[in-house]
Amino acid sequence: MNKKETAEIKKNFSDKSGFFIMEKVLTGFVDAEKNIRCQNIASCLTMSVEEHDVYDETLKKVLNTNVGKSFIEYEFPNEAYEEGKPQDILYKLLKSELKDEEAAENFLQHIANNIAYAGPFTVITAYCSYTVRSKNKNDEFAEDDEIYRYLLTAICPVNTRNDGFVFDSEGNEITKKINTELVISKSPSDGFLYPVFSNRSTDVNHVMYYTKSKSEPNISIVEDVLGCTFVMSADNEKASFQSILKGVVGDDLDYMLIKTVNEKIQEVVEENKDETDCTVIDNTKLKTILGDSGVPEERLQMLEPVYEKTCGDAPLKAANLVETKTVLTSPGITVNIKASAADKVRTSVVDGRRCLLIDIDDPTIEINGLPVALN
């Protein structure tokens, strides 16, 4: 699923779209010991508007358009199709349209048994349908619309609220409220969409995983709940790229080279921004980028073994490698440089001392919000 396809599903995740129906919702509460304390299947057609709106708000957050970072597509391995395996469990739940209590219980039990999660949590799964409209050669809507039926799951943390002081109207006093109620967060920490919406059609061979924290995804959901092979997070990809760059360039790394490599990768992203699939950079493409950035041939010869040791044969997503700003740090000093001002900064040796030089077009600058004139 690419960003455009995700945006289409998210945009139409509303009764107001005219093409979408959220038919049923399965909820389950799992305590800290991984016991399913309760489960329920409710019809969205009969629930109150207020309750329906909370489900809408919570589930829609799983449809994150930051594809490749917070919303990542995974392919099921062959063994996931076997009886009782993750894909089989999801497929049976989908086909049941949340009308089968046993399929729902198996699904919740599978999550509870396999997830690594600190504290209690709630599982919210909706069965939805979206009418996919398409046009013919005459720019008219086709009559044979496809119905995309899918499950959208949100995993929400549960906590006791700390409301601080409250006003007691009976005693006319301010007191500390003791609250033991378990409150379900409307911001899911994780979630997934099954099946995916690919090329505006249903693909049961893939699943989309959502994480609220792209730097700390819940690997157990990907590998143990969904049965897929975890791929590097956005932050891990960036760290791997930096490790490769240091391993290849070594002591020749300087400000201008880092700036130029970042600009070259940004160009790759811009050139492919209209492509449906995520733009990736493998060791061959990276070798070209480094060569065009001025890395000498003898250093480039080291790229392949360093890349393989760090990433194997897995390519890196270009968007995960781009820096929107440059951050220079030294003990006691941090300088943030926007991409538009990167050319105004350079490093040099002045009177035997290593210096950071910044070109300032306007002779007036601000320090701590106060204007300072430079003479």
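Let us look at the structure shown here. Worth saying up front: this structure is predicted, and the values here are computed from it rather than measured.

### Section: the overall build of the chain
Then step 1. A tally of helices and strands in the chain yields 11 helices and 20 strands.
Then step 2. In terms of principal-axis extent, the alpha carbons of the chain reach across some 75 × 70 × 50 Å.
Then step 3. Contacts spanning at least 24 positions in sequence make up 63% of the contacts within the chain whose residues lie at least 6 apart.
Then step 4. Of the roughly 21,600 Å² of accessible surface on the chain, 47% is carried by carbon and sulfur atoms.

### Brief notes about the packing of aromatic side chains
Then step 1. Applying the stated criterion across every chain, the model contains 7 aromatic pairs.
Then step 2. Centroid distance Tyr-117 to Phe-121: 4.9 Å. Interplanar angle 50 degrees. Geometry classified as tilted.
Then step 3. For Tyr-117, a relative accessible area of 14% gives the class buried.
Then step 4. The structure contains a cluster of three or more aromatic residues connected by ring pairs, namely Tyr-130, Tyr-148, Tyr-150 and Phe-197.

### Remarks on the packing of helix 7 (residues 255-271) against helix 8 (residues 283-292)
Then step 1. At a minimum axis separation of 9 Å, helix 7 and helix 8 run at an interaxial angle of 130 degrees. Between helix 7 and helix 8, the angle falls in the class oblique. Crossing geometry of helix 7 relative to helix 8 is assigned as right-handed. Across from Val-261, Lys-264, Ile-265 and Val-268 in helix 7, the residues of helix 8 making contact are Lys-285, Ile-289, Leu-290 and Asp-292.
Then step 2. A class-by-class count of the residues in the contact of helix 7 with helix 8 yields 5 nonpolar, no polar and 3 charged.

### Examining the pairing of strand 15 (residues 325-330)
Then step 1. Bridging between strand 15 and strand 16 (residues 333-338) involves 6 bridges; their strand directions are antiparallel. Bridge pairing links Lys-325 to Lys-338 in strand 16.
Then step 2. What sits between the antiparallel neighbours strand 15 and strand 16 is a turn of 2 residues, in which Gly-332 has the positive phi angle 85 degrees.

### Observations regarding the nonpolar core
Then step 1. Phe-107 and Leu-226 are the most contacted members of the largest nonpolar core, which has 34 residues in total.
Then step 2. Here the element with the most residues in this core is helix 4 (residues 101-114); it accounts for 6 residues.
Then step 3. In this structure Phe-107 touches Leu-26, Ile-89, Leu-90, Leu-93, Val-123, Thr-125, Thr-153 and Phe-192, once residues within four positions along its chain are discounted.
Then step 4. Counting 29 residues, the second largest nonpolar core, distinct from the first, contains Val-25, Tyr-55, Ala-126 and Val-132.

### Re the pattern of salt bridges
Then step 1. Taken as a whole, this structure holds 13 salt bridges when the rule is applied.
Then step 2. Asp-88 is paired through a salt bridge with Lys-92; the nearest N and O atoms lie 3.4 Å apart. With Asp-88 and Lys-92 both in helix 3 (residues 86-96) and 4 residues apart, this pair spans about one turn of that helix.
Then step 3. On the basis of relative accessible area, Asp-88 is assigned to the buried category, the value being 11%.
Then step 4. Look at the salt bridges and you will find they share partners, linking Glu-83, Asp-88 and Lys-92 into a network.

### Some thoughts on unusual backbone geometry
Then step 1. Along the chain, Tyr-194 connects to Pro-195 via a cis peptide bond; the corresponding omega equals -10 degrees.
Then step 2. Summarising the element assignment, Pro-195 is placed in the loop between strand 9 (190-194) and strand 10 (196-198).
Then step 3. The backbone of Lys-34 shows a phi angle near 70 degrees, a positive value even though the residue is not glycine.
Then step 4. Within the secondary structure layout, Lys-34 lies in the loop between strand 1 (20-30) and strand 2 (36-43).

### A few points about the environment of Val-166
Then step 1. Mapped onto the elements, Val-166 comes out in strand 6 (residues 165-168).
Then step 2. When near neighbours in sequence (up to four residues on either side) are disregarded, Val-166 contacts Glu-173, Ile-174, Thr-175 and Lys-177.

### Considering helix 4
Then step 1. Relative to the 20 Å expected for 14 residues at 1.5 Å per residue, helix 4 spans 20 Å between its end C-alpha atoms, a close match to the ideal helical length.
Then step 2. Taken as a whole, helix 4 has its buried residues at Ala-103, Ala-104, Phe-107, Leu-108, His-110, Ile-111 and Ala-112.
Then step 3. The N-cap residue of helix 4 is Asp-100: its side-chain oxygen and the backbone nitrogen of Glu-102 are 2.9 Å apart.

### Some points on helix 3
Then step 1. For helix 3, a buried count of 8 out of 11 residues is recorded, marking the element as mostly surrounded by other parts of the structure.
Then step 2. Within the sequence span of helix 3, burial applies to Pro-86, Gln-87, Asp-88, Ile-89, Leu-90, Leu-93, Leu-94 and Ser-96.
Then step 3. One or two residues past the end of helix 3 sits Glu-97, with phi positive at roughly 55 degrees.

### Some words on the side chain of Ser-129
Then step 1. Looking at the secondary structure, you find Ser-129 in strand 4 (residues 121-132).
Then step 2. A polar atom in the side chain of Ser-129 sits 3.3 Å from the side chain of Glu-23.
Then step 3. Other than its neighbours up to four places away in sequence, Ser-129 contacts Phe-19, Phe-20, Ile-21, Glu-23, Ile-147, Tyr-148 and Arg-149.

### Brief notes about the environment of Asp-254
Then step 1. Within the element layout of this structure, Asp-254 appears in the loop between helix 6 (234-249) and helix 7.
Then step 2. In this structure, the C-alpha to C-alpha distance between Asp-254 and Arg-346, residues 92 residues apart in sequence, is 9.5 Å.

Each value, and the rule that gives it
- Residues take numbers from 1 onward in each chain, read along the sequence in its written order.
- Selection of residues for local features in this predicted model requires a pLDDT of at least 70, selection of side-chain atom pairs for listing and counting requires 80 or more, and totals for whole chains, interfaces and linings are taken over all residues.
- Calculation of side-chain values draws on the structure's entire complement of heavy atoms; hydrogens and water are dropped beforehand.
- A run of H or I in DSSP counts as a helix once it spans at least four residues, and a run of E counts as a strand once it spans at least two, with each numbered from the N terminus.
- In what follows, residue pairs with any heavy atoms lying within 4.5 Å of each other are defined as contacts.
- Computed with the Shrake-Rupley method and a 1.4 Å probe, the accessible areas treat only the protein chains shown as cover for residues.
- Any two of the Phe, Tyr and Trp rings considered here, Trp counted by its six-membered ring, make a pair once their centres fall within 6.5 Å; the pair's planes then place it as stacked at under 30 degrees, edge-to-face at over 60, or tilted in between.
- Between buried and exposed lies partly exposed: a residue is buried under 20% and exposed over 50% of the maximum accessible area for its type, with that area taken using a 1.4 Å probe on protein chains only.
- Between N-to-C directions, angles cover 0 to 180 degrees, with each direction set by a line fitted to C-alpha atoms, over the stretch in contact for helices.
- Throughout this description, any angle smaller than 35 degrees is read as roughly parallel, any larger than 145 degrees as roughly antiparallel, any in the 65 to 115 degree range as roughly perpendicular, and the remainder as oblique.
- For any helix crossing, the convention is left-handed if the near helix is rotated counterclockwise from the far helix by under a right angle, and right-handed if that rotation is clockwise.
- Any residue outside Ala, Val, Leu, Ile, Met, Phe, Trp, Tyr, Cys, Pro, Asp, Glu, Lys and Arg is labelled polar, Gly included; the first ten of those are nonpolar and the last four are charged.
- When DSSP finds two or more bridges between two strands, those strands count as paired.
- For the purposes of this section, nonpolar cores are sets of buried Ala, Val, Leu, Ile, Met, Phe, Trp, Tyr and Cys residues that join through side-chain atoms within 4.5 Å.
- The salt bridge criterion pairs a side-chain nitrogen of Lys or Arg with a carboxyl oxygen of Asp or Glu, the two atoms within 4 Å.
- Given a helix with a known number of residues, its expected span is that number minus one, times 1.5 Å.
- Two N or O atoms form a polar contact when they lie within 3.5 Å of each other; inside protein one atom must be a possible hydrogen donor and the other a possible acceptor, and for residues adjacent in sequence the pair counts only when both atoms belong to side chains.

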